[in-house]
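Results of the structural survey
The residues making up each chain are set out below.
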Amino acid sequence: MYIERRKLLKPEIKRIASTTNILLIFIFVFLLFAFWNIQVLRNRHFNLLADRNITKDIELKAPRGLILDRYHKRLSENKLNFSLFLIREYTRDINESIHQAHLITGQEEEEIKKKVAKFKHYPKSYKIPLERDLPLKRAIYLESRSDELPEFEIDIEPARHYPYKEIASHIMGYISELTANELKKKKEKGYKLGDIVGKSGIEKQYEKYLRGTKGVRTIAKDNLGRIREVLNEVTPLIGRSIVLTIDIELQRFIEDQFKEYMGTVGVVNLETGGILALVSKPNFNPEFFSGVLDPDEWRTLIDDPNKPLQNKFLQGRYSPGSVFKIVVALAALEEKLIDTSTQSTCYGAVKIYDRTFRCWQAGGHGSVRLDSALEHSCNVYFYRVGKKLDIDVIARYARIMGLGDMTHIDLPNEKNGLVPTKEWKQKNYNVQWYPGETISVVIGGGMLNVTPIQVLSMISAVALRGQMPQLHLLKAVEEDGKVVTAYKPQFKSIPISKEHFEIVIDGLHKVVNREGTARSAKIPGLDICGKTGTQQVISKENPNYINLVKQKRFKPHAWFASFAPRENPKIAMVVFVEHGGDAGAIAAPLS
């Protein structure tokens, strides 16, 4: 078979030519429209795309604001820091780049992969932070090999420096990289993954002032990706300065005195409620968190049984011991169950509800009234007062005096305490409250627990005869050396008779200035008033008590709450020593 060749007829040639012309015209019109669309209708859009191919916006990190003490001494400041970034758009093989990053930083490849994975939804041009606080020698080495390792970039970022290192670390807090979970809450505020934010302390509390405003640098690149010129730059703005009420020299002095102990100390200016010193031991170096955290070091830190990251002043919950007798005394006076003439005889123990309750002084205190009961911290006197008081009445006065609830100081992560009531026990344990439990509470034991800052708030209200200051750390917010916001002192009135405060204060004065449990705290001319508290961590009824209490972990906690001077008081103070032993021998002298 074969295809027959034949000559096309003239009408057929005309038809084919006509069809071809129509098709060519259609193609020409389509191309013309496409060209017009690109050159006219979408000219701006494609110009922008073209610009993006040769220009790039680089985000400039803003230095954080300074943190200053009350005398403007720098507690935190900024330094320049070399940081290593990975840029995926210049990566030939991501796995090879991760391996190179491992060789450069010493980090495990799996850790680096996790870091890179967090940015999978970000543009490939985004700079992924791999290591901050890079040593100078390593930064120079990488810069010298930038042609061989184009995917790695060294940049200079502002970083945090704490001149006093561990001192005041629980006030300062620390900064670290934003996590993915934190970003969900902060994205609308302009944060991005990889940003540095305050994680605790003042760094977190006043993040909105300290963070500053980011800048941007627009650069032009050539076809090899090299920077040709800087087209525009918006300079980043440093954050505002936070001026604290803290006196860093007083803070340093107290920390030095407290270096052998674990616990906490708080000092407040009673004229304003401003905290002058806040010590929590053990502490930590905030700069530890500025670089890349080693997982083993981080695990060691958070698993430390002494809890160096815990601010014991706000978060430590302990039974207040005999310091709580201040509240019981005020409650009994207000309820008219006792007065200054009410007398009780202490023989070293008393039987209540068919149970023997013992005084700390085995031989007893003899005949005592309220002032001497406070002076010598007589348990028997308060046991008998406790028998007259209902637990709910005690709880009401405890809360009036600031115990059990947060003080709302300007630091994050403050904890509540626990002031038990009948309703609380029924709800949580499904059993009723027994009167015998009240007897333990009146001397600061049982289920009662408080934080040291709550005790400071309480003793401040006693010192000011019923005016409770709002405890705070912020003195002012400054910008360019000028005050933008200044803290205004706030006080809350306590509905307790001033006369009853004076009665209790008379007893607290004798605690220090007579033969009381805190006589070791007496300093001529200061006229100190205070109350000790020695809180057992194991019962004296334990048959092995004598042997166990020789071990540090079984020693009682030691409290001392004080203020000075007696008239027109200026400062109040709380000292709490974990497993410190006798409060009169440890906590009172430390004050």
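Here's what I pulled together on the structure shown here.

Rules used in this analysis
- Residues numbered from 1 in each chain as written.
- Predicted model: local features only at pLDDT ≥ 70, side-chain atom pairs only at ≥ 80, totals over all residues.
- Heavy atoms only, no water.
- Helix = DSSP H or I, 4+ residues; strand = E, 2+ residues; numbered from the N terminus.
- Contact = heavy atoms within 4.5 Å.
- Axes fitted to C-alpha atoms, helices over the stretch in contact; angles between N-to-C directions.
- Parallel < 35°, antiparallel > 145°, perpendicular 65-115°, else oblique.
- Left-handed = near helix turned anticlockwise from the far one by under 90°.
- Nonpolar A, V, L, I, M, F, W, Y, C, P; charged D, E, K, R; others polar.
- Salt bridge = Lys/Arg side-chain N within 4 Å of Asp/Glu carboxyl O.
- Buried < 20%, exposed > 50% of the residue type's maximum accessible area, 1.4 Å probe, protein only.
- Core = buried A, V, L, I, M, F, W, Y, C linked by side-chain atoms within 4.5 Å.
- Patch = residues over 30% accessible without salt bridge, like charges linked within 9 Å, V, L, I, M, F, W, Y side chains within 5 Å.
- Areas by Shrake-Rupley, 256 points an atom, 1.4 Å probe, with all protein chains shown as cover.
- Phe/Tyr/Trp six-rings, centres within 6.5 Å; stacked < 30°, edge-to-face > 60°.
- Lys NZ or Arg CZ within 6 Å of the ring centre and 35° of its normal.
- Pairing = 2+ DSSP bridges.
- Arc of directions from axis to C-beta.
- Polar contact = N/O pair within 3.5 Å; in protein donor to acceptor, adjacent residues only side chain to side chain.

1. Some details on the overall build of the protein chain
In terms of helices and strands, the protein chain carries 22 helices and 23 strands. Pairs at least 24 residues apart make up 70% of the contacts formed inside the protein chain by residues separated by at least 6 positions.

2. Description of the packing of helix 3 (residues 94-105) against helix 4 (residues 109-117)
Relative to each other, helix 3 and helix 4 sit at 120°, their axes nearing to 9 Å. With respect to helix 4, the axis of helix 3 lies oblique. Both helix 3 and helix 4 take part in a crossing whose hand is right-handed. Residues Asn95, Ile98, His99, Ala101, His102 and Thr105 of helix 3 touch helix 4, and the partners they reach there are Glu109, Ile112 and Lys113. Taken together, the residues of the contact of helix 3 with helix 4 sort by class into 3 nonpolar, 4 polar and 2 charged.

3. Things to note about the pattern of salt bridges
Under the counting rule described, the total for this entry stands at 32 salt bridges. With a closest N to O distance of 3.1 Å, Arg138 and Glu131 form a salt bridge. Judged by its relative accessible area of 12%, Glu131 is buried. Members of the salt-bridge network, linked through shared partners, are Glu59, Lys61, Lys192, Asp195 and Lys214.

4. With respect to the packing of helix 19 (residues 452-463) against helix 20 (residues 498-513)
A pair of packed helices is captured by two measures, namely the crossing angle of their axes and the spacing between those axes. Where helix 19 contacts helix 20, the axes come no closer than 9 Å and their chain directions differ by 110°. Between helix 19 and helix 20, the interaxial angle falls into the category roughly perpendicular. Counting all contacts with helix 19, which are made through Ile459, Ala461 and Val462, the residues of helix 20 involved are Phe501, Ile505 and Leu508. Residue composition of the contact of helix 19 with helix 20, grouped by class: 6 nonpolar, no polar and no charged.

5. Concerning the nonpolar core
Core analysis: the biggest nonpolar cluster contains 97 residues, and Met401, Ile459 and Phe563 have the highest contact counts within it. Within the second largest apolar cluster, 23 residues are counted, among which are Ala101, Leu149, Leu178 and Tyr191.

6. Thoughts on a nonpolar patch on the surface
On the surface, Leu23, Phe26, Ile27 and Leu31 cluster together to form a nonpolar patch covering roughly 420 Å² of accessible area. Under the relative-accessibility criterion, Ile27 is labelled partly exposed at 39%.

7. Quick look at the packing of aromatic side chains
Scanning the entire structure with this criterion turns up 14 aromatic pairs. For the ring pair Phe258 and Tyr261, a centre distance of 5.8 Å and an interplane angle of 45° mean the geometry is tilted. Given a relative accessible area of 26%, Tyr261 falls into the partly exposed group. Measuring from centroid to centroid gives 5.4 Å for Phe357 and Tyr383, while their planes differ by 50°, and the two rings are tilted. Placement of the pair is Phe357 in strand 15 (residues 355-358) and Tyr383 in helix 15 (residues 379-388), with a sequence separation of 26 residues. Residue classification places Tyr383 among the buried positions, given a relative accessible area of 4%. Stacked on the ring of Phe85, the Lys or Arg Lys127 has its end atom at 4.7 Å from the ring centre. Positioned above the aromatic ring of Tyr191, the side-chain terminus of Arg211 is 3.8 Å from the ring centre.

8. Some points on the side chain of Glu207
With respect to the helices, strands and loops of the structure, Glu207 is situated in helix 9 (residues 207-210). Note on Glu207: relative accessible area 5%, which makes it buried.

9. What to know about the sheet that holds strand 23 (residues 571-577)
The sheet built from 5 strands is open, its strands ordered 12-11-23-22-21 with antiparallel pairing. For this open sheet the edge positions go to strand 12 (274-281) and strand 21 (529-535), each flanked by a neighbour on one side alone. In this sheet, neighbouring strand axes are inclined to one another by 5° on average, regardless of whether the strands run parallel or antiparallel. With 7 bridges connecting them, strand 11 (residues 263-269) and strand 12 associate as antiparallel partners.

10. Focus on the environment of Val323
Looking at where Val323 falls in the secondary structure, it is placed in the loop between helix 12 (312-315) and helix 13 (325-334). Once residues within four sequence positions are removed from consideration, Val323 is found in contact with Val455, Met458, Lys531, Thr532, Gly533, Trp559 and Ala561.

11. Looking at helix 10 (residues 248-257)
Ile248, Gln251, Ile254 and Glu255 are the residues of helix 10 that are buried. Taken down its axis, helix 10 places every buried residue within 125° of arc, on the same side. As for helix 10, its buried residues are in contact with strand 3 (74-87), helix 6 (169-172), strand 11 and strand 12. One side-chain oxygen at the N-terminal end of helix 10 lies 3.1 Å from the backbone nitrogen of Glu249; it belongs to Asp247.

12. A short note on the environment of Lys570
If you trace the backbone, Lys570 turns up in the loop between strand 22 (557-564) and strand 23. Looking at Lys570, the relative accessible area reads 41%, which means it is partly exposed. Sequence separation of Lys570 and Ser460 is 110 residues, and the distance between their C-alpha atoms is 9.8 Å. Discounting chain neighbours no more than four positions away, the residues touching Lys570 are Val268, Asn269, Leu270, Glu271, Ala564 and Pro565.

13. A few points about the side chain of Ser76
Looking at the element boundaries, Ser76 is found in strand 3. A relative accessible area of 0% places Ser76 in the buried class. Among the polar contacts made by the side chain of Ser76, one reaches the side chain of Arg160 at a distance of 3.2 Å.

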